[in-house]
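Structural features, examined
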Amino acid sequence: MVWLLVTVVACMMAQGGAVRGKIVDAQTKEALEFVTISVSKAGISDLLKGTVTDIDGNFNIKGLAEGNYTLSITFIGYKEMKRNFSITRQARNVNLRTLTIREDSKMLGEVQVTGQRAQMKFEIDKKVFDVDQNIAATGGSASDVLTNIPSVEVDSEGEVSLRGSSSVTVWINGKASGLSADNRGEILEQLPAETIQKIEVITNPSAKFSPEGSAGIINIVLKEDRKPGYFGSVQAGGDSYGGYNASGNINYSSGKLDAYANLGYRHREHEGGSESERENPDGTLKQEGENMGDGNNIFGRAGLTWHMTRADHFSANFMGMFGDGSRDNSIHYTEKRTLVPTTNRYSRLTTSGDDMRMMNFDVGYKHDFGEEHNIDFTLSHNVWRRDAQTEYRTVRGESLSSYQYQENDMDNKRWEAQLDYVNKLSENHKVEAGYKGSFNRENSPVSTYNDETHNDIDQLLYNRFIYDQDIHALYATYSGRLGKLGYQVGVRGEYWKVNSESRNYAQEFDGQAPTLFAKDYFSLFPSLFLSYELPGGNELQVNYTRRLQRPWGGQLNSFRNITDSTNISFGNPELQPQYSNAYELNYIKNWEDHTLSLSGYYRTTDDVIQRIRYREGNVMYSTDRNVTQSQSAGLEIVAKNKLGRAIDLTTTVNLFYYKLDGFRFMMADQLVTGESDEDFSWNARMMANIILPYSFSLQLTGNYNARQVVAQGYRKANYSLDAGLRKSFWNKKLSLSINARDILDSRRWKTITQTGDTHMVSENWRGGRRIGLTLTYSFGNLAPSKRKPAKSMDDSMNSMDSYSGDGGMME
């Protein structure tokens, strides 16, 4: 009965004509999703039928009677396009093939203004933020860019979180590129903002992607333009803290070769501080800290793609970062005892320096069997090394009471191999499958000396951490469409093994056998995506994925960090991965000048990894442990509004509920407890891009984070405001940008925790109000592209068909 009904419906639909095609960006040639397509009778403006493009930019409108029609294409940030076509008895199905639309550039009164690329785009599994026009982050770092991305936060330590969760994976160009939880804060702080084209936020990735990161994936896409001809730019700038930067890039593209190169130097100055007060029955301990530092780094990229034939493409890329830095940190203590009334004052002075080298190489080969039918292989190798030296001095009054010198080196090497296969079986069906292998090796020795000549090694504080992790993954996804219902099902299987050992002095030098922690795992990660087209440019999406968060290297290292002798931290080699089940319901509505996205999400997590604290005497210890379960739910509201010709607003409000179950266990003969806690919190961010007369552009970004629950306590609300102003000269060849970050000097993080009988209030901040100035000069000789896209067999056959007078191809 069901099949009979389907057959009848299909026959009824077949009685009418149809129009289909594909929408791409005229400059980048990328397919555009959620472009509004509307059909009206020729000469009549009333809407007859409509839809939005799918993830591949395709559209298909059916049920059209014979007659003449006008097809309208509208998308925020792009010029509207109209095409005429006809449905006749001889040609009932019209294929407009690939239609290109261009970014909008309009007039404001009688003054010419510069159109801006749409800064936010929605795709079926991600949100894409174009940051090339982000004036407020000009001359800054990747961390500064991420600070202005909706639902993304960067704290005082450079830790990145998404929708309130730090369990997030950060990639560069779709790969780990050497980033890990150990080093990503440092690398992102040194990655120049001007090298970044866009940020992709994937909150619920499909089985095609790594399941790492319970909250999702943040992918930083670097610039690699493919405009025909050659072009480039040079840039120089500075800021009010004494930092300065200079960079240059050049790109070349022809029918056979695409190539690019970028080289930049950056000197940065930074400062920050902290305050805390800890109370327990024994007394109080107040801390006041301040830190200052500087850094120098050279960043370079180069790559090429050789189009050997119309179907075979070879690529090779290099990215390198080389730098050094220094930091002076001082913490001043005031300790008051209650039982025996005494007051002790002393200071802990830390001076550190480091050298860092990061290099990433990758080669790739892609073969096109036809349109959207290809196989793609990539092999990459990453090397990251940091050599750090730190001096710790404890001063009481005018006397030096203790001295320690520490050498902490980290050597990390990673290989990745990835093979992806894509086959679009028909207009509505596509298969994707692939393999990814990741092989990580880390070796990190730490030596501590108790004398200024660095001869008296402290054997109790020696450590060498060795960490090996191999991951093998296979995935497959199948996408299809039944009328207005689109679906994608997938599964990913991962096998991984972890070997770690933390050697002490006797194990390293005296022949004692080290303790080896060896573990292996296998798990399946299914995914399901459903989408349904509603009338009037509306779309509804539902998806589910299973995800995990593996403990990263530093969390497994039992070495004790003595930077602050009253707050000692160490890792836990017994940590297990935490697993999450994530659900999302998305609604998207497009108008001519407005877009609204509503995303409801719910996530459950088992074996939650949390930072826990306990006290022994007057020393507070902290480590990581799988403690309990948690639940997260929320609603993310994103609105894109174009107000007139000059104002573009992007507003994000994220409302989220978080519940952390209670826990109770023994740790080093201490009872560690955490009460069950739940919290409703929210944050909001608004970015305003304003086009002014005389080639001026203004950008304002405001951010507010409400009170939020953390392990054993909560973090208080904070807010910030950034601004940027850009002026273009000489037909946009020269531009001057002025930006002000943290105008209100309000980027501070204040946390209140309760651990047993110990109450602690702490506040941290990094930087402060900063004014920057950047000058950019662009050059080039762009030419029409001579390279044509490869044709599939169907293209060759269809080239024999006739064209209608309006440019549509008839079938």
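The paragraphs below set out a description of the structure included in this document. (Residues numbered from 1 in each chain as written. Predicted model: local features only at pLDDT ≥ 70, side-chain atom pairs only at ≥ 80, totals over all residues. Heavy atoms only, no water.)

1. With respect to the sheet that holds strand β5 (residues 67-74)
Rules: Think of it this way: DSSP has to see at least two bridges between two strands before they count as a pair. Each helix corresponds to a stretch of at least 4 residues labelled H or I by DSSP, and each strand to a stretch of at least 2 residues labelled E; elements are numbered beginning at the N terminus. Convention adopted: a line fitted to C-alpha atoms gives each axis, helices being fitted over their contacting stretch, and angles between N-to-C directions are expressed from 0 to 180 degrees.
The antiparallel open sheet is built from 4 strands, whose spatial order is β3-β2-β5-β6. Looking at strand neighbours, the two that pair on one side only are β3 (49-52) and β6 (81-87), the edges of this open sheet. Here the average twist between neighbouring strands, direction ignored, is 20 degrees. Note: β5 against β6, 7 bridges, orientation antiparallel. Across the sheet, T70 pairs through a bridge with N84, a residue of β6.

2. Re the pattern of salt bridges
Where charged atoms of side chains with opposite charge meet at close range, the side chains can pair. To be explicit about the condition: We define a salt bridge as a contact between a side-chain nitrogen of Lys or Arg and a carboxyl oxygen of Asp or Glu at a distance within 4 Å. Relative accessibility decides the category of a residue: with a 1.4 Å probe and only protein chains considered, values under 20% of the type maximum give buried, values over 50% give exposed, and everything between is partly exposed.
Inspection of the entire model under this criterion finds 33 salt bridges. Notably, a salt bridge pairs K413 with D411, separated by 3.1 Å at the nearest N-O pair. Since its relative accessible area comes to 37%, K413 is described here as partly exposed. With a shortest N-O distance of 3.3 Å, E508 and R503 are connected by a salt bridge. A residue is classified by how much of its surface remains accessible, and E508, at 21% relative accessible area, is partly exposed. For R503, a relative accessible area of 22% gives the class partly exposed.

3. Here we look at unusual backbone geometry
The phi dihedral of D607 falls on the positive side, at around 55 degrees, and the residue is not glycine. Residue position: D607 is located in strand β33 (residues 594-616).

4. A closer look at the side chain of R481
Counted only if it meets this: Each polar contact in these results corresponds to two N or O atoms within 3.5 Å; when the atoms are within protein, one needs to be able to donate a hydrogen and the other to accept it, and residues that are neighboring in sequence are counted only if both atoms are side-chain atoms. Contacts are residue-level and defined by heavy atoms, with any inter-residue pair within 4.5 Å sufficient.
Mapped onto the elements of the fold, R481 is located in strand β26 (residues 463-482). For R481, a relative accessible area of 17% gives the class buried. For R481, the side chain forms a polar contact with the main-chain oxygen of K484, separated by 3.3 Å. A polar atom in the side chain of R481 sits 3.3 Å from the side chain of E533. If we skip the residues at most four places from it in the chain, R481 touches D54, N428, H429, G486, Y487, S531 and E533.

5. A short note on the nonpolar core
Cut-off, in case you're wondering: Residues grouped as a nonpolar core are buried Ala, Val, Leu, Ile, Met, Phe, Trp, Tyr and Cys residues, joined through side-chain atoms within 4.5 Å.
Within the largest apolar cluster, 32 residues are counted, with the highest numbers of intra-cluster contacts made by L146, V160, L191, I196, I199 and I220. Sequence-distant contacts of L146, defined by excluding residues within four places in its chain, comprise V152, V154, V160, L188, I199 and I218. In terms of nonpolar packing, the next biggest core, distinct from the first, is built from 20 residues, L32, Y69, I73 and I87 among them.

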